[in-house]
Amino acid sequence: MVSMQQLLIVLIIIILLFGAKKIPELAKGVGQGIKVFKKEMESEEKTEKVEAQKDEAKKTDEIKEETKA
């Protein structure tokens, strides 16, 4: 596990590397990136569901046609 002292040291190093003014901008960028990623994942899931429904409908139609013949 990470101790409080280790977290403090990492935080100090980040502040020294990027500066106190850049940290909010970096956090905002990370937040927006996560938001876009989640949105795309939801979109992909919806697309997969629609494709699965289309495939199921095709199979149902094929079965109906086979039973008619």
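In short, a report on the structure. All figures in this text were calculated on a predicted structure; none of them were measured in a lab.

**Things to note about the overall build of the protein chain**
- Along the backbone of the protein chain there are 2 helices and 0 strands.
- Whereas a compact globule of 69 residues would reach a radius of gyration of roughly 11 Å, the protein chain reaches 25 Å, over 25% beyond that.
- Judged by the C-alpha coordinates and their principal axes, the protein chain covers about 75 × 30 × 10 Å.
- Counting every position in the protein chain, which comprises 69 residues, the buried fraction comes to 0%.
- Where the 13 positive side-chain charges of the protein chain centre and where its 13 negative ones centre are 11 Å apart.

**Observations concerning a negative patch on the surface**
- Together, Glu40, Glu42, Glu44, Glu45, Glu48, Glu51 and Asp55 make up a region of like negative charge exposed at the surface.
- By relative accessible area, Glu45 is classed as partly exposed at 45%.

How each quantity is defined
- Residues numbered from 1 in each chain as written.
- Predicted model: local features only at pLDDT ≥ 70, side-chain atom pairs only at ≥ 80, totals over all residues.
- Heavy atoms only, no water.
- Helix = DSSP H or I, 4+ residues; strand = E, 2+ residues; numbered from the N terminus.
- Rg over C-alpha atoms; globule rule 2.2 N^0.38 Å.
- Buried < 20%, exposed > 50% of the residue type's maximum accessible area, 1.4 Å probe, protein only.
- Lys, Arg positive; Asp, Glu negative; His and termini not counted.
- Charge placed at Lys NZ, Arg CZ, Asp CG, Glu CD.
- Patch = residues over 30% accessible without salt bridge, like charges linked within 9 Å, V, L, I, M, F, W, Y side chains within 5 Å.
- Areas by Shrake-Rupley, 256 points an atom, 1.4 Å probe, with all protein chains shown as cover.
- Salt bridge = Lys/Arg side-chain N within 4 Å of Asp/Glu carboxyl O.

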